[in-house]
Amino acid sequence: MKGRIALVTGAGRGIGAAIAEKLAESGAKVAINYNSSKEAAFALLEKMRTRGFEVIAVKADVAEPSQVEAMFEKIEKTWGGVNILVNNAGVGLKKLITDTAVEEWDRVININLKGAFLCSRRALPGMISRRYGRIINIASVWGITGASCESVYAASKGGLIAFTKSLAREAGYSGITVNAIAPGPVQTEMLDSELDREEIAELINDIPAGRLGRAADIAEACLYLASDKAEFINGQVMVVDGGWISV
Ligand code: NAP
């Protein structure tokens, strides 16, 4: 990863923070994008700098084109063009579809799907001209199986998977790979806000690995897909769920 420049969206906390650290550990320069979690993002920045990593923090709402543009400009001025883009920023929504407002649909789709579109569109020209790039989209098993009371979230992740496969076809001829990771339940604030202790215990019962996912599990998969070892893997969805939906 030495010399690579990575951008991880939504990296101030949760899965994104683990991915940012993992990529930096392997030698990449890492831009930590955050939106509302400024304190957490700067705490992570300090922690990573103390470990000797090259890292910057950049605020941007990934659903806002002008903020995405400004974020890329800042990274380019600091280091140069982004080689590795991890579209991780995402929000959940647990509601009956009949209770879901249009504004809630827009928010989830705009962050989870439009955000990946805006960042990928901005990153790709540089990747194409350098004939190297890695785009990794953090989807969800819900994007494959669907999920009752999470249809908007599942639609955003299903859309992200179709986006991944399409972009892989489009950009693959330019030395770029585009893959998705579909995590099962991972212990983060997102999961804590959606499930109570009883629901989590039931969930663990259904996972052959006997535990919830950890952010580090997703980060390891991401590092592999970002590495040169995965150069022949393109357009894939790697399910990381301890065997939950897979076995
Ligand atoms: P989390 O702890 O709730 O973190 C969500 C991240 O997304 C935060 O860093 C947040 O940044 C960022 N974000 C939200 N809106 C944003 C926006 N408009 N612009 C930029 N960043 C934004 O969730 P997580 O569990 O780490 O989830 C990370 C990804 O994994 C998401 O895409 C999620 O759908 C996916 N995933 C999670 C699970 C799970 O069980 N946890 C399972 C499958 C897939 P700020 O706090 O700075 O706003």
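Structure's up top.
Computed from a prediction, not measured in an experiment: that's the story for all the values here. (Residues numbered from 1 in each chain as written. Predicted model: local features only at pLDDT ≥ 70, side-chain atom pairs only at ≥ 80, totals over all residues. Heavy atoms only, no water.)

S.K.: Tell me about helix α9 (residues 215–226), residues and numbers included.
M.R.: With 12 residues, α9 ought to run about 16 Å at 1.5 Å a step, and its terminal C-alpha atoms sit 16 Å apart, in line with that. Restricting attention to buried positions, one finds in α9 the residues Ala215, Ile218, Ala219, Ala221, Cys222, Leu223, Leu225 and Ala226. Lining the buried residues of α9 we find α1 (14–25), β4 (84–87), β5 (133–138), β6 (176–183) and β7 (237–240). (Helix = DSSP H or I, 4+ residues; strand = E, 2+ residues; numbered from the N terminus. Expected span 1.5 Å × (residues − 1). Buried < 20%, exposed > 50% of the residue type's maximum accessible area, 1.4 Å probe, protein only. Contact = heavy atoms within 4.5 Å.)

S.K.: Pulling in residues and values, what's your account of the sheet that holds β6?
M.R.: The strand order β3-β2-β1-β4-β5-β6-β7 describes an open sheet built from 7 strands, whose pairing is parallel. On the outer flanks of this sheet lie β3 (55–59) and β7, each paired with one strand and no other. Looking at each pair of strands side by side, their axes are set apart by 20 degrees on average, direction ignored. Where β4 meets β5, 4 bridges bridge the pair, whose relative direction is parallel. Its bridge partner being in β5, asparagine 87 is matched across the sheet by asparagine 137. The strands that helix α4 (residues 102–130) touches are β4, β5 and β6; relative to β4, the one it contacts most, it runs at about 175 degrees. (Pairing = 2+ DSSP bridges. Axes fitted to C-alpha atoms, helices over the stretch in contact; angles between N-to-C directions.)

S.K.: Go over the side chain of serine 140 with me, naming the residues and quoting the values.
M.R.: Tracing the backbone shows serine 140 in the loop between β5 and α5 (142–145). In this view, serine 140 contacts Tyr153, Lys157, Ile161, Ile181, Ala182 and Pro183; residues no more than four positions away in its chain are not counted.

S.K.: Describe a negative patch on the surface, listing the residues and the values that go with them.
M.R.: The grouping of Asp196, Glu198, Glu202 and Asp206 at the surface amounts to a negative patch. Tracing the backbone shows glutamate 198 in helix α8 (residues 197–205). (Patch = residues over 30% accessible without salt bridge, like charges linked within 9 Å, V, L, I, M, F, W, Y side chains within 5 Å. Areas by Shrake-Rupley, 256 points an atom, 1.4 Å probe, with all protein chains shown as cover. Salt bridge = Lys/Arg side-chain N within 4 Å of Asp/Glu carboxyl O. Lys, Arg positive; Asp, Glu negative; His and termini not counted. Charge placed at Lys NZ, Arg CZ, Asp CG, Glu CD.)

S.K.: So what's going on with the site of the ligand? Which residues, and what values?
M.R.: Close to the ligand lie 30 residues; Ser36, Ser37, Asn88, Tyr153 and Thr188 are nearest. Asparagine 35 is positioned such that a nitrogen or oxygen atom in its backbone is 2.8 Å from an oxygen atom of the ligand. Relative to its free-state accessible area of 890 Å², the ligand is covered by the protein chains to the extent of 95%. At 3 residues, helix α7 (residues 189–194) tops the list of elements feeding residues into the shell around the ligand. For the shell around the ligand, the class distribution of residues is 15 nonpolar, 11 polar and 4 charged. (Near = heavy atom within 4 Å. Polar contact = N/O pair within 3.5 Å; in protein donor to acceptor, adjacent residues only side chain to side chain. Nonpolar A, V, L, I, M, F, W, Y, C, P; charged D, E, K, R; others polar.)

S.K.: Any chance you could break down the nonpolar core for me, citing the residues and the numbers?
M.R.: Ile19 and Leu23 are the most contacted members of the largest nonpolar core, which has 36 residues in total. Apart from the residues within four sequence positions on either side, isoleucine 19 is in contact with Val8, Val86, Asn88, Ile138, Ala219 and Cys222. (Core = buried A, V, L, I, M, F, W, Y, C linked by side-chain atoms within 4.5 Å.)

S.K.: Just give me the short version of helix α6 (residues 151–171), but keep the residues and values in it.
M.R.: Relative to the 30 Å expected for 21 residues at 1.5 Å per residue, α6 spans 29 Å between its end C-alpha atoms, a close match to the ideal helical length. Residues of α6 that are buried: Val152, Tyr153, Ala154, Ser156, Lys157, Leu160, Ile161, Thr164, Leu167, Ala168 and Ala171.

S.K.: Outline the environment of isoleucine 97, supporting the account with residue identities and numerical values.
M.R.: For isoleucine 97, the position within the fold is in the loop between β4 and α4. Overall, isoleucine 97 belongs to the exposed group, its relative accessible area being 51%. Taking the C-alpha atoms as reference, isoleucine 97 lies 9.0 Å from serine 148; in sequence the two are 51 residues apart.

S.K.: A description of the packing of helix α3 (residues 65–78) against α4 should follow, citing residues and the corresponding values.
M.R.: One way to put it is that α3 packs onto α4 with a least axis distance of 10 Å and a crossing angle of 40 degrees. With respect to α4, the element α3 is oriented oblique. When the axes of α3 and α4 are compared, the crossing they make is right-handed. Contact residues: Pro65, Val68, Glu69, Met71, Phe72, Glu73 and Glu76 in α3; Leu118, Cys119, Arg122 and Ala123 in α4. Broken down by class, the residue content of the contact of α3 with α4 amounts to 7 nonpolar, no polar and 4 charged. (Parallel < 35°, antiparallel > 145°, perpendicular 65-115°, else oblique. Left-handed = near helix turned anticlockwise from the far one by under 90°.)

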